[in-house]
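# Secondary and tertiary structure notes
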Amino acid sequence: MSPDISRWRSEFPVTERVVYFDHAGVAPVSKRVADAVTRFVSEACTQGRLNYRAWEERAEEVRAAFARLVGAAADEVAFIANTSEGLGVVATGLEWRAGDNVVAVSGEFPANVYPWWALERLGVETRMATLEDFRLTLAGLDRCVDARTRLISVSAVDFATGHRRSLKEIGRYCRERGIVFCVDAVQALGALRIDVEEEGIDCLAADGHKWLLAPEGCGCLYVARRLWDRLQPQRVGWKSVVDHSRYLPYHFILKPNALKFEPGSLNLLSIHALGAALDLLLEVGIGWIEEVLLGLTRKLRDGLAERNLPVLSPGGRDEISGITTFRGVARPGEVEQKLRERGIVVRERLGGLRISPHFYCNDEDITKFFRALDEVIGC
């Protein structure tokens, strides 16, 4: 039996005030996330460090929850501050040689471009695969690949159009050629199913403030076991080593797993918040979330088609996500503001508007959105 959406909708007080269609930007958090933050701060205020061991144990539970979400083992997961940090760990941690190259994707969010461009100082070229009708194709990637290609990095879902990339196909392509496959998953995790083993992903980074429904400032980096020896931390601290609680005498033996990428004290407050968000998503079920969300996406695109508003986002069965970008409105920035004044939160993108609901949104939200849009643009 499918979960009752009204139960989960009540977890999000934002629904009482606005129609929130900007989860691809910064998402609202649930009541249980807010409660987790309040509880942590209250304990820190009234008890200091007396609950520190329990806090650390909770962090390990959150690590395991993230691993479960992506189909990994807990020791393949490190906490990071944001997606950029995670991608930077990968970019700086591999041993590069002058003449190597990386393949990234033109038009992607800069977080998945600049870490690779920064390798130019080492003589590493970044080649930018181009999109075809807003789609990333395997042929487009293949045109950039040669014998010196060491890594391909793509976003699981494009931030501007919502195009869902064929990770399994790209992963197979990389495995056959011995190329490291890195994924920016921030626009997918929490909305769509991802399995790092099934899709052949070597490294994956995502923070929590979009589809995971957590606050900014905390996320996770997945590093496959097969890459542990090849990827070395460039920032090393007291927690990077084995038996890190034994401070003296010094013993510089790095942890053998992904935890070596955590150099110091963790952001335990944000980890507790992320944990509450992950618990909610896993409780609901990511498969059901994906089903509901894609259903909402199709209804929104049907409504746009009825109004003859052109959708830029690819619409193939395996290409859609929770993001839809459309044009056909004059001065989209002004339209965004006028919709916000009417309690509808969307975002301007690509000369149009980007809409991105989540699973707890409903048909009434869609009706309110189109009613306000019709009023603003005069349909």
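Right, let's walk through the structure included here. Small disclaimer: the values here were computed from a predicted structure and weren't measured. (Residues numbered from 1 in each chain as written. Predicted model: local features only at pLDDT ≥ 70, side-chain atom pairs only at ≥ 80, totals over all residues. Heavy atoms only, no water.)

### Focus: the sheet that holds strand β9 (residues 324–326)
Quick note on the threshold: Here, any two strands with at least 2 DSSP bridges between them count as paired. The helix and strand labels rest on DSSP assignments: H or I over at least four residues marks a helix, E over at least two residues marks a strand, and numbering proceeds from the N terminus. The angle between two axes is taken between their N-to-C directions and runs from 0 to 180 degrees, where each axis is a line fitted to C-alpha atoms and a helix contributes only its stretch in contact. In this description, contact between two residues means that some pair of their heavy atoms is separated by no more than 4.5 Å.
Read across the sheet, three strands follow the order β9-β12-β11 without closing on themselves; strand pairing throughout is antiparallel. Across the chains shown, the open sheet's two edge strands, defined by having one partner strand only, are β9 and β11 (347–349). On average, each strand axis in the sheet is inclined to that of its neighbour by 35°, with strand direction left out of account. Relative to strand β12 (residues 352–355), β9 runs antiparallel, the two sharing three bridges. Note that in β12 the partner of T324 across the bridge is I355. In the packing of helix α9 (residues 286–306) onto the sheet, contacts are made with β9 and β12, and the angle to β9 comes to roughly 10°.

### Let's talk about helix α4 (residues 83–93)
Under the convention used in this document: The buried label goes to any residue with under 20% of its type's maximum accessible area, the exposed label to any with over 50%, and the partly exposed label to all in between, with areas taken from a 1.4 Å probe on protein chains only. We define a polar contact as two N or O atoms separated by no more than 3.5 Å, with the added condition that, inside protein, one atom must be a possible hydrogen donor and the other a possible acceptor, whereas residues neighbouring each other in sequence contribute only through side-chain atom pairs.
Taking burial as the measure, the eleven residues of α4 include eight buried ones, the bulk of the element. For α4, the set of buried residues is T83, G86, L87, G88, V89, V90, A91 and G93. Check the buried side of α4 and you find it contacts β2 (77–80), α5 (114–117), β5 (149–155), β6 (180–184), β7 (203–207) and β8 (219–223). Of the residues that open α4, the one with a side-chain oxygen 3.3 Å from the backbone nitrogen of S84 is N82.

### Notes on the pairing of β12
Strand direction decides the pairing type here: β11 and β12, joined by three bridges, are antiparallel. Looking at β12, one finds that E348 is bridged to L353. Following β11, the chain reverses through two residues before pairing antiparallel with β12; L350 in that reversal takes a positive phi of roughly 55°.

### With respect to the packing of aromatic side chains
By convention here, two paired aromatic rings are described through the distance between centres and the angle between planes. Put simply, the rule reads: Stacked, edge-to-face and tilted are the three classes for Phe, Tyr and Trp ring pairs, Trp counted by its six-membered ring, which pair at centre distances within 6.5 Å; planes under 30 degrees apart are stacked, over 60 edge-to-face, the rest tilted. As a reminder, the over-ring test applies to NZ of lysine and CZ of arginine, requiring each to be within 6 Å of the ring centre and within 35 degrees of the ring normal.
Inspection of the entire model under this criterion finds eleven aromatic pairs. Here the aromatic rings of W288 and F359 are separated by 6.3 Å at their centres, their planes lie at 70°, and the arrangement is edge-to-face. With a gap of 71 residues between them, W288 in helix α9 and F359 in the loop between β12 and α11 (363–377) connect regions that are remote in the sequence. Judged by relative accessible area, which is 12%, W288 ranks as buried. A cation sits over an aromatic face here: R177 above Y173, 3.6 Å from the ring centre.

### Description of the pattern of salt bridges
In plain terms, the rule: What counts as a salt bridge is simple: a side-chain nitrogen of Lys or Arg found within 4 Å of a carboxyl oxygen of Asp or Glu.
Taken as a whole and judged by the stated rule, the model has 37 salt bridges. Across the salt bridge formed by E176 and R177, the nearest N and O atoms sit 3.4 Å from each other.

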